[in-house]
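# Summary of the model geometry
One letter stands for each residue in the lines below.
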Amino acid sequence: MARSRSISGSGVWKYLNPAYYLRRPRRLALLFFLFVSVSMVVWDRMNLAREHEVEVIKLTEEVLRLEQMLEELRGVGDGKTLMTHKDVPEDPVDIERRQKVKEAMIHAWSSYEKYAWGKDELQFPYDCKSASTVVEIIFFFLSYCQPRTKDGTDSFGGLGATMIDSLDTLYIMGLDEQFQKARAWVATSLDFDKDYDASMFETTIRVVGGLLSTYDLSGDKIFLEKAKDIADRLLPAWNTPTGIPYNIINLRSGSAHNPSWAAGVSPKSFHLDPCLDWNQGDSILADSGTEQLEFIALSQRTGDPKYQQKVEKVITELNKNFPADGLLPIYINPDNANPSYSTITFGAMGDSFYEYLLKVWVQGNKTSEVKLYREMWEKSMKGLLSLIKKSTPSSFTYIQEKNGNSYNDKMDELACFAPGMLALGASGYGPDEEKRFLTLAEELAWTCYNFYQSTPTKLAGENYYFSAGQDMSVGTSWNILRPETVESLFYLWRLTGNKTYQEWGWNIFQAFEKNSRIESGYVGLKDVNTGAKDNKMQSFFLAETLKYLYLLFSPSSVISLDEWVFNTEAHPLKIVARNNDQRKPTITLRQRRFGGEIK
């Protein structure tokens, strides 16, 4: 029996033994012939498949070209659509990069969920090794280097800033499990009844904007209800003689005021200064002119006009004495609407005022109802042109700051939102001006990209100075994970189709991964020259930086610029027709999903 099984096994396996064929050349030749024949058939089939794929791509491109021509013919006058490049079959590189950004979001969110759930921001034990001087070592030892655990910090009064800032990013990326858990926290734990003096600006762009955006994406009314709750608590800030709001308000009592330092002094980054003196000062231009998108949207969603009336009165008041060049100083007196003697800038405390003039026009379907916003914005762009200068020897285009008749060759990284704004607004001009402003946008984007490329870490500092013959040099050397440059790269890629902007964005993402990613999240840098790390994961990194990077590698149909407008915290709001605009039907807010991700 055993022998019989052995012979049988030998009969089966002998054909797999090479020696069998070496002793039988005819069978070897037959086997070789069969192998070659099968290979040729497979190769022929693969060639046919490739040729078919090429033909399909050509036909798809032709269809898309014809669709674009049709849109161009339809896009006449105020109602024309943005000339975004059309989606083509997805590049596998884009898919891979988008996934990498999504993984970064999962890493950041998981760290927040584990260590700082419900808090405003995730904060880490300070890395004492990052101190580079004796003074820093002493300071950081006293301030940060005591034994501490990873924890959350309530930088915005305990409003769950990172939670709310991240909601729409989670939704767009199709991270359903994380989104549902955050939604449950909003429904059961988010409470705005706090005896806390909140920044009206930060609360609007992060909390009101984040909640409204998530409502527009999901259709879940809990987000609209929460947005109305916090907005109602902010409304008393507009109770001034001119309607120009105070910038600080107590969420429980409704008592509002301005910080004393906002009175003709040098700009500071408001949310980075923990030691402000809360006495009365001027209102800040950006803080007072960056609520229009959110409050107009809230009136549209609720049917209550009071929110829109409050914020539009600000623009009406400012327009009464709006300068011919459209440039306003960063401090405005809320009692008489007069500007104080202070800096004119497209950087800190000026930036988003100009951004919202354009975006309210976009939000209002670019009709006569919002014509004033476009007119004011175009005036401001004439003023911006007067601040444009080129460096030597490399001819980097940059935006100066101005104080009185004096110019300062300084540009904030915050001002790197401007290329995206210019690209978005260029389509509202005639052909010559459109080309002029789009070219300017591209030149400024190159400068902003070089803010990153010019440092050892390939991450940008907070601001840059330009000197004759020396181009640019870092001023304030920290990097706090800001989004403005990748925001502009997103707009330029969407509006031009130039994949160079995707490459630049990918390089910036890789620099964040290399320098800012740690085991438990992401942190900024204290110094972009040395790579010394700070100890906080800013909420806008999840709300803006990662969202814009994700969209940079997504099809243009994902959050289409013809259907959505982004607030200054990168929260997309659906463009909805105003009541007296009959040219465009009201859009259903809930979005379709394919494969778990927004389309």
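Above: the structure in question.
Source: prediction; values computed, not measured.

With that settled, consider the nonpolar core. Ranked by size, the top nonpolar core spans 146 residues in total, and within it F346 and F451 carry the most contacts. Contact partners of F451, with chain neighbours within four places excluded, come to M411, D412, E413, C416, L459, A460, Y464, F466 and M472. Ranked by size, the runner-up nonpolar core spans six residues in total, among them W261, I284, I330 and Y331.

The next subject is the pairing of strand β13 (residues 463-467). The pairing of strand β12 (residues 410-412) with β13 spans three bridges and is antiparallel. Residue K410 lies in a different strand from β13, and its bridge partner there is Y465. By the bridge criterion, four bridges tie β13 to strand β14 (residues 471-474) in an arrangement that is antiparallel. Within the sheet, the bridge partner assigned to S467 lies in β14 and is D471. The turn joining β13 and β14, which pair antiparallel and follow one another in sequence, is formed by three residues; a positive phi near 80° is taken by G469.

Now for the packing of helix α9 (residues 221-234) against helix α11 (residues 292-302). For the pair α9 and α11, interaxial distance at closest approach is 11 Å and the crossing angle is 125°. Considering their axes alone, α9 and α11 lie oblique with respect to each other. The chirality of how α9 crosses α11 is left-handed. Residues L224, A227, K228, A231 and L234 of α9 form the contact with α11, whose participating residues are F295, L298, R301 and T302. Here the contact of α9 with α11 is composed, by residue class, of six nonpolar, one polar and two charged.

Within the open sheet, the three strands sit side by side as β12-β13-β14. Their pairing is antiparallel. Strand pairing shows two members of the sheet lacking a second neighbour, β12 and β14, which therefore form its edges. Along the sheet, successive strands turn relative to each other by an average axial angle of 30°, direction set aside.

What follows concerns the packing of aromatic side chains. How two aromatic rings sit relative to each other is set out by the distance from centre to centre and by the angle between their planes. Counting across every chain of the model gives 28 aromatic pairs. Measuring from ring centre to ring centre gives 5.4 Å for Y501 and W504, while their planes differ by 90°; the resulting arrangement is edge-to-face. On the criterion of helical spacing, the pair formed by Y501 and W504 is a turn pair, its members being three residues apart in helix α18 (residues 500-515). Among the residues examined, Y501 registers a relative accessible area of 5% and is labelled buried. The class of W504 is buried, set by a relative accessible area of 12%. A network of ring pairs unites the aromatic residues F396, W446, Y449, Y501 and W504 as a single cluster. Directly above the ring of W117 sits K181, whose terminal nitrogen or CZ lies 5.1 Å from the centroid. Looking at R374, its charged tip hangs above the ring of Y429, at a distance of 4.7 Å from the centre.

The next thing to look at is a nonpolar patch on the surface. A cluster of nonpolar side chains, contributed by F32, F35, V36 and M40, occupies part of the molecular surface with about 450 Å² of accessible area. Looking at where F35 falls in the secondary structure, it is placed in helix α3 (residues 25-74). With relative accessibility at 56%, the residue F35 sits in the exposed group.

What follows deals with α11. Taken across its 11 residues, α11 has nine buried, putting it largely inside the fold. Residues of α11 that are buried: Q292, L293, E294, F295, I296, A297, L298, S299 and R301.

Another point: the state of the cysteines. Here the structure, examined in full by the defined rule, presents one disulfide. One disulfide bridge connects C416 with C448, the sulfur atoms lying 2.1 Å from each other. Taking the sign of the torsion about the S-S bond as the criterion, the disulfide between C416 and C448, at about -95°, is left-handed. Here C416 is found in the loop between β12 and α15 (418-426), whereas its partner C448 is found in helix α16 (residues 431-453), with 32 residues between them in sequence. A relative accessible area of 0% means that C416 is categorised as buried.

To continue, consider the sheet that holds strand β1 (residues 121-123). Taken in spatial order, the three strands make up an open sheet running β2-β1-β17, and their pairing is antiparallel. Lying at the two open borders of the sheet, with one neighbouring strand each, are β2 (151-153) and β17 (536-537). Of the strand pairs in this sheet, β1 and β2 are connected by three bridges, and their pairing is antiparallel. Within β2, the residue paired with E121 across the bridge is T153.

Turning our attention to unusual backbone geometry. Keep in mind that most residues, glycine aside, have a negative phi and that most peptide bonds are trans. Here the bond from T392 into P393 is cis, since omega is 5°, no more than 30 degrees from zero. Take P393: it is sitting in the loop between β8 (388-390) and β9 (397-399). With a phi angle near 60°, K366 is a residue other than glycine that sits in the positive phi range. Looking at the element boundaries, K366 is found in the loop between α13 (351-363) and α14 (371-385). Residues other than glycine seldom take positive phi values, yet K458 does so here, at roughly 65°. Position of K458 relative to the elements: it lies in the loop between α16 and β13. By relative accessible area, K458 is classed as partly exposed at 37%.

Relative to the assigned elements, K402 resides in strand β10 (residues 401-403). For the buried residue K402, which engages in no salt bridge, the nearest side chain bearing the opposite charge is D325, 4.6 Å off. Among residues more than four places away in sequence, those in contact with K402 are S342, T343, I344, L387 and Y407.

With that settled, the discussion passes to the pattern of salt bridges. With the rule as written, the count across this model stands at 31 salt bridges. Among the ionic pairs, D229 bridges to R233, the shortest N-O distance being 3.0 Å. With D229 and R233 both in helix α9 and four residues apart, the pair spans about one turn of that helix. Judged by relative accessible area, which is 27%, D229 ranks as partly exposed. E317 is the partner of K320 in a salt bridge, and the nearest nitrogen-oxygen pair spans 3.2 Å. Taken together, the positions of K320 and E317, both in helix α12 (residues 306-320) and three residues apart, correspond to about one turn of that helix. Residue K320 is classed as exposed on the basis of its relative accessible area, which comes to 55%.

The rules behind each value
Along each chain, residues carry numbers from 1 onward, in the same order as the chain's sequence is written. In view of the model being predicted, local features appear only for residues whose pLDDT reaches at least 70, and side-chain atom pairs are presented and counted only at 80 or more, with totals across whole chains, interfaces and linings using the full set of residues. The side-chain figures draw on all heavy atoms in the structure; neither hydrogens nor water molecules are used. Definition used in this section: a nonpolar core is a set of buried Ala, Val, Leu, Ile, Met, Phe, Trp, Tyr and Cys residues joined via side-chain atoms within 4.5 Å. When a residue's accessible area, from a 1.4 Å probe over protein chains only, is under 20% of the maximum for its type it is buried; when over 50% it is exposed; and in between it is partly exposed. Should any heavy atoms of two residues lie within 4.5 Å, those residues are counted as being in contact. When DSSP finds at least two bridges between two strands, those strands are taken to pair. Helix and strand assignments follow DSSP, with helices taken as H or I runs no shorter than four residues and strands as E runs no shorter than two, numbered in order from the N terminus. Working convention: axes come from line fits to C-alpha atoms, limited for helices to the stretch in contact. Angles between N-to-C directions cover 0 to 180 degrees. Small angles under 35 degrees read as roughly parallel and large ones over 145 as roughly antiparallel, with 65 to 115 read as roughly perpendicular and the rest as oblique. The handedness criterion is simple: a crossing whose near helix is rotated anticlockwise from the far helix by less than a right angle is left-handed, and one whose near helix is rotated clockwise is right-handed. Polar here means any residue outside two lists: the nonpolar Ala, Val, Leu, Ile, Met, Phe, Trp, Tyr, Cys and Pro, and the charged Asp, Glu, Lys and Arg; Gly therefore counts as polar. When the centres of two rings from Phe, Tyr and Trp lie within 6.5 Å, Trp using its six-membered ring, the rings pair. Their planes under 30 degrees apart give stacked, over 60 give edge-to-face, and anything left gives tilted. A positively charged side chain is recorded as over a ring if its NZ (Lys) or CZ (Arg) lies within 6 Å of the ring centre. The angle to the ring normal must also be within 35 degrees. Surface patches are drawn from residues lacking salt bridges whose relative accessible area is over 30%; two like charges belong together within 9 Å, two nonpolar side chains (Val, Leu, Ile, Met, Phe, Trp, Tyr) within 5 Å. Note on areas: Shrake-Rupley with a 1.4 Å probe; residue coverage comes only from the protein chains shown. In what follows, salt bridge is the name for a side-chain nitrogen of Lys or Arg lying within 4 Å of a carboxyl oxygen of Asp or Glu. Two cysteine sulfur atoms make up a disulfide if the distance between them is within 2.5 Å. Lys and Arg are tallied as positive, Asp and Glu as negative. Neither His nor the chain termini are counted.

Coordinates in, geometry out; function isn't part of it.
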